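Okay, here's what each chain looks like letter by letter:
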Amino acid sequence: RSLVVVHFWAPWAPQCAQMNEVMAALAKEHTQVSFVKLEAEAVPEVSEKYEITSVPTFLFFKNSQKVDRLDGAHAPELTKKVQRHASSSSISVGSNETAKEDLNVRLKKLINAAPCMLFMKGSPKEPRCGFSRQMVEILNKHGVSFSSFDIFSDEEVRQGLKTYSNWPTYPQLYVAGELIGGLDIVKELEASGELDTICPKAQKLEDRLKNLINKAPVMLFIKGSKQMAKCGFSKQILEILNNTGVDYETFDILEDEKVRQGLKTFSNWPTYPQLYVKGELVGGLDIVK
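Residues numbered from 1 in each chain as written. Predicted model: local features only at pLDDT ≥ 70, side-chain atom pairs only at ≥ 80, totals over all residues. Heavy atoms only, no water.

(A) Local environment of the overall build of the chain. Each helix and strand counted, the chain has 12 helices and 12 strands in total. Over its C-alpha trace the chain gives a radius of gyration of 25 Å, far above what one expects of a compact globule, namely 19 Å for 289 residues. In terms of its C-alpha atoms, the chain occupies a principal-axis envelope of roughly 75 × 50 × 40 Å. The buried share among the 289 residues of the chain stands at 39%. Here the chain displays about 16,200 Å² of accessible surface, and carbon together with sulfur accounts for 52% of that area. Across the chain, the 36 positively charged side chains and the 36 negatively charged ones have centroids separated by 2 Å. (Helix = DSSP H or I, 4+ residues; strand = E, 2+ residues; numbered from the N terminus. Rg over C-alpha atoms; globule rule 2.2 N^0.38 Å. Buried < 20%, exposed > 50% of the residue type's maximum accessible area, 1.4 Å probe, protein only. Areas by Shrake-Rupley, 256 points an atom, 1.4 Å probe, with all protein chains shown as cover. Lys, Arg positive; Asp, Glu negative; His and termini not counted. Charge placed at Lys NZ, Arg CZ, Asp CG, Glu CD.)

Next comes the structure, spelled out in structure tokens:
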């Protein structure tokens, strides 16, 4: 009935060696927990069964059932998960119903975390299965505004959502808290043209740029912020504006690559900083000087 933590590791990965040390320390602290090391490449059939795609990966088992998972070398997270599962091992079976209720509340919150929520393997930037990748491509192609949750990051959510929504596979797409379905259904909706009417649209870049330019009477697009410029030209233009006593707002183009590239085309001005007054481009540092 006790907790078993399995570390899928590889001898060539230095981060695995570090996590082995963390595990050794945890083993001394939690004597009732069994810690096991498995060389991932030496047991390919086991690694495949549990979808081990990178090392280190930790699986947590209780009563021969997998209850959690951790991908990557995250020592604080591993410690937290071991403490949580080790303490819940000693709790009586009567608390199962409460745990189930708590999980359902959490799942409902996650499903409603954004108007359009995608539960997938990996992230939109790095999908970790072909179906998830195809789903992200379709949503992006149609300009859908969506948030996502990586089911690999939380085994409880991964298993619980299947039961909660009565849908056994991933990815899963939700709109306004309602399950739309998986990849096949989204493909059907795309083919019929319904996808565009169901899913909320992302704001067009041009509209977003217009809004940003008009956010304040005087808007400055720079590398960095008012408090800390991140290039010499931005620093100089800040000094000039501060000396005039003009009230102005700034936008850090290093924080948003779409804005950074899009604004160059939108304003037909290839460099930064860029100063706007009442929505009109004044120019860069030379013109301000």
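(B) Layout of the side chain of Glu155. Of note, Glu155 is situated in helix H6 (residues 155–165). Residue classification places Glu155 among the buried residues on the basis of a relative accessible area of 1%. Engagement of the side chain of Glu155 in a polar contact is seen with the side chain of Lys66, the distance being 3.4 Å. Ignoring sequence-local partners within four residues, the contact set of Glu155 consists of Lys66, Val67, Asp68 and Arg69. (Polar contact = N/O pair within 3.5 Å; in protein donor to acceptor, adjacent residues only side chain to side chain. Contact = heavy atoms within 4.5 Å.)

(C) Just helix H9 (residues 205–213), in detail. Turning to H9, its buried residues are Leu209, Leu212 and Ile213. End-on, the buried residues of H9 take up no more than an arc of 95°, which puts them together on one face. In this structure, the buried residues of H9 make contact with strand E9 (218–222), strand E10 (249–252), helix H11 (257–267) and strand E11 (274–277). (Arc of directions from axis to C-beta.)

(D) Focus on the environment of Lys81. Inspection of the secondary structure puts Lys81 in helix H3 (residues 75–89). Lys81 gets classed as buried once you look at its relative accessible area, which sits at 4%. Distance in space between the C-alpha atoms of Lys81 and Phe60 is 8.8 Å, their sequence separation being 21 residues. Excluding residues that lie within four positions of it along the chain, Lys81 makes contacts with Phe60, Asp68, Arg69, Leu70 and Ser153.

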